[in-house]
Amino acid sequence: MNNSNFSNLTPYNNEWGGFMEGIKYFIKSIVKQSMEEVIQDKMYENVVFDQNLTTRQLCERWNISDTTLLSWEKRGVISPIQTGGRKKLYSLKDVRDAEVNGYIKNVA
């Protein structure tokens, strides 16, 4: 084979190297953005998940009746935090976990 045929591949290799560098930069930027979103979510969880919802608030959030909520409690979808009295509270973390895990559909 003639070596002059291979000399034409050099620009292609340089272009390919530039393309690969572009891909690396793109992947790094996506990973960085994803990591920033995870960090923001964790910061949000630390602030917001210390809160609790009342039965009424949770029923409104999920657009269900208190009877349905009681049924879901019995099935283990969500568990209230016992306050010592008759009032039930629900951890916002547990509420979000139930939503994220697909137990609750059509949450507004």
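Treat the numbers as computed from the prediction; the structure is a model and nothing was measured. (Residues numbered from 1 in each chain as written. Predicted model: local features only at pLDDT ≥ 70, side-chain atom pairs only at ≥ 80, totals over all residues. Heavy atoms only, no water.)

**Considering helix H4 (residues 66-75)**
Then, number 1: Of the positions making up H4, those classed as buried are Leu 69, Trp 72 and Glu 73. Within H4, the buried residues cover an arc of 105° as seen down the axis, which keeps them to one side. More than 90 degrees from the buried face of H4, the exposed residues found are Thr 67, Lys 74 and Arg 75.
Then, number 2: In this structure, the buried residues of H4 make contact with helix H3 (55-62) and strand S3 (88-91).
Then, number 3: Residue Gly 76 follows H4 closely and has a positive phi angle near 90°. (Buried < 20%, exposed > 50% of the residue type's maximum accessible area, 1.4 Å probe, protein only. Helix = DSSP H or I, 4+ residues; strand = E, 2+ residues; numbered from the N terminus. Arc of directions from axis to C-beta. Contact = heavy atoms within 4.5 Å.)

**What to know about the pattern of salt bridges**
Then, number 1: The full count for this structure, using the stated rule, is five salt bridges.
Then, number 2: With a closest N to O distance of 2.6 Å, Glu 99 and Arg 61 form a salt bridge. Of the two residues, Glu 99 is situated in helix H5 (residues 92-100) and Arg 61 in helix H3; the sequence distance between them amounts to 38 residues.
Then, number 3: For Glu 99, a relative accessible area of 18% puts it in the buried group.
Then, number 4: When its relative accessible area of 33% is taken as the criterion, Arg 61 is described as partly exposed.
Then, number 5: Salt-bridge contacts for Lys 88 lead to Glu 73; the nearest nitrogen and oxygen are separated by 2.9 Å. Of this pair, Lys 88 sits in strand S3 while Glu 73 sits in helix H4, and the two are 15 residues apart along the sequence.
Then, number 6: On the accessibility criterion, Lys 88 (24% relative accessible area) is partly exposed.
Then, number 7: With a relative accessible area of 16%, Glu 73 lands in the buried category. (Salt bridge = Lys/Arg side-chain N within 4 Å of Asp/Glu carboxyl O.)

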